[in-house]
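Observations on the three-dimensional arrangement
In case you want the letters, here they are:
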Amino acid sequence: MNQRYASQKLEVQIMGQSYTLSCPDGGAAALQDAVDKVDATMCAIRDAGRIKSRDRIAVLACLNIAHELGRDQAEASHQQRLGGLIDRLDQALASNDSPD
C-alpha cells in the first residue's frame, strides 16, 4: 500500500551549494535547523584549511554531528538514571522519616 504524505519543498544552501529538499508539511523549521547545523559544521571544517575535498568535509561533518548526538543521548540517559536514583532515595528517606 503506497501512502502519499503532504510535503513541501525547501530551498537551502549548504557550504554555498543550493539544494532543494522535501519535508513534511510543518517540518520546514526542523529541517532548516538541521541544514544550519550541517552547514556550520561543514564550513568550520573547510575554514580550518586542512581538508579541501567536499566529500571528505561532508563525511567528517557527519561523524562530528553523530558523535555530538551520541554524547547528548548518553548524557540524557545518564540524567534519567540519576533522576530515578534520586526519586528512590527520596522515597526511602521519606519512608524512614514516617512514624511507625
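These notes cover the structure that comes with them.

Conventions we followed
Residues numbered from 1 in each chain as written. Predicted model: local features only at pLDDT ≥ 70, side-chain atom pairs only at ≥ 80, totals over all residues. Heavy atoms only, no water. Helix = DSSP H or I, 4+ residues; strand = E, 2+ residues; numbered from the N terminus. Rg over C-alpha atoms; globule rule 2.2 N^0.38 Å. Buried < 20%, exposed > 50% of the residue type's maximum accessible area, 1.4 Å probe, protein only. Core = buried A, V, L, I, M, F, W, Y, C linked by side-chain atoms within 4.5 Å. Contact = heavy atoms within 4.5 Å. Polar contact = N/O pair within 3.5 Å; in protein donor to acceptor, adjacent residues only side chain to side chain. Salt bridge = Lys/Arg side-chain N within 4 Å of Asp/Glu carboxyl O. Patch = residues over 30% accessible without salt bridge, like charges linked within 9 Å, V, L, I, M, F, W, Y side chains within 5 Å. Areas by Shrake-Rupley, 256 points an atom, 1.4 Å probe, with all protein chains shown as cover.

For the rest of this paragraph, the subject is the overall build of the protein chain. Along the protein chain, the regular secondary structure elements total two helices and two strands. Ordered by position in the sequence, the α and β elements of the protein chain form the string β-β-α-α. Taking 2.2 N^0.38 as the reference for a compact globule, 100 residues should give roughly 13 Å; the C-alpha atoms of the protein chain span a radius of gyration of 22 Å, well beyond that estimate. Counting every position in the protein chain, which comprises 100 residues, the buried fraction comes to 14%.

Here we take up the nonpolar core. In terms of nonpolar packing, the biggest core is built from 10 residues, these being L10, V12, I14, M15, V35, M42, C43, I45, I57 and A61. Contributing elements (two or more residues each) for this core: β1 (7-14), α1 (28-47) and α2 (54-97). With four residues, the top contributor of residues to this core is α1. Setting aside residues up to four positions removed in sequence, I57 forms contacts with M15, M42, I45, R46, I51 and K52.

Mapping T41 onto the fold places it in helix α1. A residue is classified by how much of its surface remains accessible, and T41, at 11% relative accessible area, is buried. A polar side-chain atom of T41 sits 2.8 Å from the main-chain carbonyl oxygen of K37. Aside from chain neighbours lying at most four places away, what touches T41 is A61, N64 and I65.

Right, let's get into the pattern of salt bridges. Taken as a whole and judged by the stated rule, the model has two salt bridges. As a salt-bridge pair, K37 and E68 come within 2.7 Å of each other at their nearest N and O atoms. In this pair, K37 is assigned in helix α1 and E68 in helix α2, connecting sequence segments 31 residues apart. A residue is classified by how much of its surface remains accessible, and K37, at 36% relative accessible area, is partly exposed. With its nearest N and O atoms 2.9 Å apart, the salt bridge here joins D47 to R46. For D47, a relative accessible area of 56% puts it in the exposed group. Judged by its relative accessible area of 34%, R46 falls in the partly exposed class.

Here we come to unusual backbone geometry. Residue M15 is not a glycine yet carries a positive backbone phi of 50 degrees. Relative to the helices and strands, M15 resides in the loop between β1 and β2 (17-24). Given the relative accessible area of 10%, M15 is considered buried.

Looking now at a nonpolar patch on the surface. Residues V59, L60 and L63 make up a contiguous nonpolar surface patch of roughly 250 Å² in combined accessible area. By the element assignment, V59 lies in helix α2.

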